[in-house]
Every structure is written in C-alpha cells, then in structure tokens.
Amino acid sequence: MQIFGKEINRPSWVPRWMSFTLAFSIFMIVSLFFTGPNNFMRVVELKKEINELKTEIKNKRDTAAIYEAKSQEFRTDKASLERLAREKYGMKRLNEDVYITDIP
C-alpha cells in the first residue's frame, strides 16, 4: 500500500478492504458525532429538556385558564365575589357582626 508516494506494509490485523481514506473518514464522522458543541448526547439532552419545558408550558397555560375563568366569574357574578370575600378573607358588611368559632 502506498501513502504519499511511500510504500507502507499493511499489518495483518487490518482488513484488505480498509484504506487510509476510509479509516480517516470513519474517524472524522465518529469524532464529529460524539464531540463538539452539537454532539449527539447534547442534542438528546436538549430535546429532553425541550419536551419537559413544553409540558411545563402546557401545565402553566391550563392553570392560567382556570384562574382566568375564576376572574371572569368574579367580574360578572357579585354573589360569588362576596362569598369569596367572606370565606377566604373574613370580610363583612358594615352593619353585621361575625363570630368565628373553632368548632368543627
């Protein structure tokens, strides 16, 4: 076998079909596949992170939709707004007395 015009004997463990160009090409493809900023493992990790973030976005949108529906209900229904103010925040009208007990 000749490389750069010099005769080089092929070792016995190297197959006959293997040439320097083929070995170098395979080496370059493998090195590009597993090294560098866009290697295979990094791409897999980034795709996993993207899927997790998409799931989180979906959950946040669902939660935002629930709160938007509650907000719309409180803007349109005064009775539900008053019930919320009384139950959650302990508010009362001007002319009434409220007694809070710890009896279950």
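The notes below deal with the structure included here. (Residues numbered from 1 in each chain as written. Predicted model: local features only at pLDDT ≥ 70, side-chain atom pairs only at ≥ 80, totals over all residues. Heavy atoms only, no water.)

A word on helix H3 (residues 78–89)
- Given a rise of 1.5 Å per residue, 12 residues ought to cover 16 Å, and the 16 Å separating the end C-alpha atoms of H3 matches this to within 8%.
- Just downstream of H3 lies Gly-90, where phi reads positive at about 65 degrees. (Helix = DSSP H or I, 4+ residues; strand = E, 2+ residues; numbered from the N terminus. Expected span 1.5 Å × (residues − 1).)

A look at the packing of helix H2 (residues 40–76) against H3
- Close contact between H2 and H3 brings their axes to 5 Å; oriented N to C, the two are set at 110 degrees. As summarised for this structure, H2 and H3 are arranged roughly perpendicular, according to the angle between their axes. Counting all contacts with H2, which are made through Glu-73, Phe-74, Arg-75 and Thr-76, the residues of H3 involved are Lys-78, Ser-80, Leu-81 and Leu-84.
- Looking at side-chain class alone, the contact of H2 with H3 contains three nonpolar, two polar and three charged residues. (Axes fitted to C-alpha atoms, helices over the stretch in contact; angles between N-to-C directions. Parallel < 35°, antiparallel > 145°, perpendicular 65-115°, else oblique. Contact = heavy atoms within 4.5 Å. Nonpolar A, V, L, I, M, F, W, Y, C, P; charged D, E, K, R; others polar.)

Some thoughts on a nonpolar patch on the surface
- A contiguous nonpolar patch, built from Trp-17, Leu-22, Ile-26, Val-30, Phe-33, Phe-34, Phe-40, Met-41 and Val-44 and spanning about 880 Å² of accessible area, is present on the exposed surface.
- Counting residues per element, the ones that place at least two in the nonpolar patch are helix H1 (20–34) and H2.
- A per-element tally of the nonpolar patch places H1 first, with five residues.
- Mapped onto the fold, Ile-26 is located in helix H1. (Patch = residues over 30% accessible without salt bridge, like charges linked within 9 Å, V, L, I, M, F, W, Y side chains within 5 Å. Areas by Shrake-Rupley, 256 points an atom, 1.4 Å probe, with all protein chains shown as cover. Salt bridge = Lys/Arg side-chain N within 4 Å of Asp/Glu carboxyl O.)

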